[in-house]
Amino acid sequence: MIVADANFLILLLDPDAMSHVDRGHERVAQFIETMKKSREEIMIPAVVLSEVVAGRIDRVEEIMETIRRERAFSLQPLDETIAIETGYLIRDMKNKTPPNDRAPGWATMMKYDAIIAATAVVRNARAIVTDNSRDFNKLLDGQGVNVMTLESLPVPPEKQKELFKG
């Protein structure tokens, strides 16, 4: 099982988002197909859904339909076990990150990321797929969960052009 960060869903929903990820939408779409073929789950933590919806409040129905339509996706609520693990990860992250290395808004964003990381740890995910490898590598250090970047997802082969035109 893989846990998806918000930027994974953003690329699925908004093909032109995150232009720094070459062919990002295509990479995500192909990855979903690969996961479906292998019958592996892509877990979406509830906090990821809230992050995605917050920037697209007028598209809630479309977002939910997209998630429900993909049989590889499952939504994971924030439960008691994940909440407790989140607390441990937040404490550890605060200890690992000197105050001078904390950008404005760091504490809030780190808490979202800690919930996502805790979901992966508690649900025994093999990896998280994200555009934020730096923070997730810190959060998941020693936890046995790999961090996959969006740019590490395979680029789909180019569609073959028509060989003959009539």
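To be clear, the structure that these remarks concern was listed above.
So, a few notes on the structure that sits alongside this text.

### Observations regarding the overall build of the protein
Piece 1. For the protein, the count of helices and strands is seven helices and five strands.
Piece 2. Ordered by position in the sequence, the α and β elements of the protein form the string β-α-α-β-α-α-β-α-α-β-α-β.
Piece 3. The C-alpha radius of gyration computed for the protein amounts to 17 Å, which stays within 12% of the reference 15 Å derived for 166 residues, consistent with globular compactness.
Piece 4. With the C-alpha coordinates of the protein rotated into their principal frame, the extents come out at 65 × 35 × 30 Å.
Piece 5. Relative to all contacts within the protein whose residues are 6 or more apart in sequence, the contacts with residues 24 or more apart total 68%.
Piece 6. When the accessible surface of the protein is summed, it comes to about 9600 Å², and 50% of that surface belongs to carbon and sulfur atoms.

### Section: the pattern of salt bridges
Piece 1. Under the definition given, this model contains 10 salt bridges.
Piece 2. Of the charged contacts, one joins glutamate 62 and arginine 59 as a salt bridge, the two residues approaching to 2.8 Å between their closest N and O atoms.
Piece 3. The class for glutamate 62 is partly exposed, based on a relative accessible area of 38%.
Piece 4. By sharing partners, the salt bridges in this structure join Asp14, Arg56, Arg59 and Glu62 into a single network.

### Quick word on the pairing of strand E4 (residues 127-130)
Piece 1. Residues Ala127 and Val129 line one face of E4 and the alternating positions Ile128 and Thr130 line the opposite face, and both faces are buried.
Piece 2. Pairing analysis gives three bridges linking strand E1 (residues 2-4) to E4, with the strands arranged parallel. Paired with isoleucine 2 across the two strands is alanine 127, which belongs to E4.
Piece 3. With four bridges joining them, E4 and strand E5 (residues 146-149) adopt parallel strand pairing. Note on E5: the bridge partner recorded for threonine 130 is threonine 149.

### Comments concerning the side chain of lysine 36
Piece 1. Tracing the chain through its elements places lysine 36 in helix H2 (residues 24-37).
Piece 2. Within polar-contact distance, the side chain of lysine 36 engages the side chain of glutamate 33 at 2.9 Å.
Piece 3. When residues no more than four places from it in sequence are discounted, the contact partners of lysine 36 are Glu70, Arg71 and Ala72.

The rules behind each value
Residues numbered from 1 in each chain as written. Predicted model: local features only at pLDDT ≥ 70, side-chain atom pairs only at ≥ 80, totals over all residues. Heavy atoms only, no water. Helix = DSSP H or I, 4+ residues; strand = E, 2+ residues; numbered from the N terminus. Rg over C-alpha atoms; globule rule 2.2 N^0.38 Å. Contact = heavy atoms within 4.5 Å. Areas by Shrake-Rupley, 256 points an atom, 1.4 Å probe, with all protein chains shown as cover. Salt bridge = Lys/Arg side-chain N within 4 Å of Asp/Glu carboxyl O. Buried < 20%, exposed > 50% of the residue type's maximum accessible area, 1.4 Å probe, protein only. Pairing = 2+ DSSP bridges. Polar contact = N/O pair within 3.5 Å; in protein donor to acceptor, adjacent residues only side chain to side chain.

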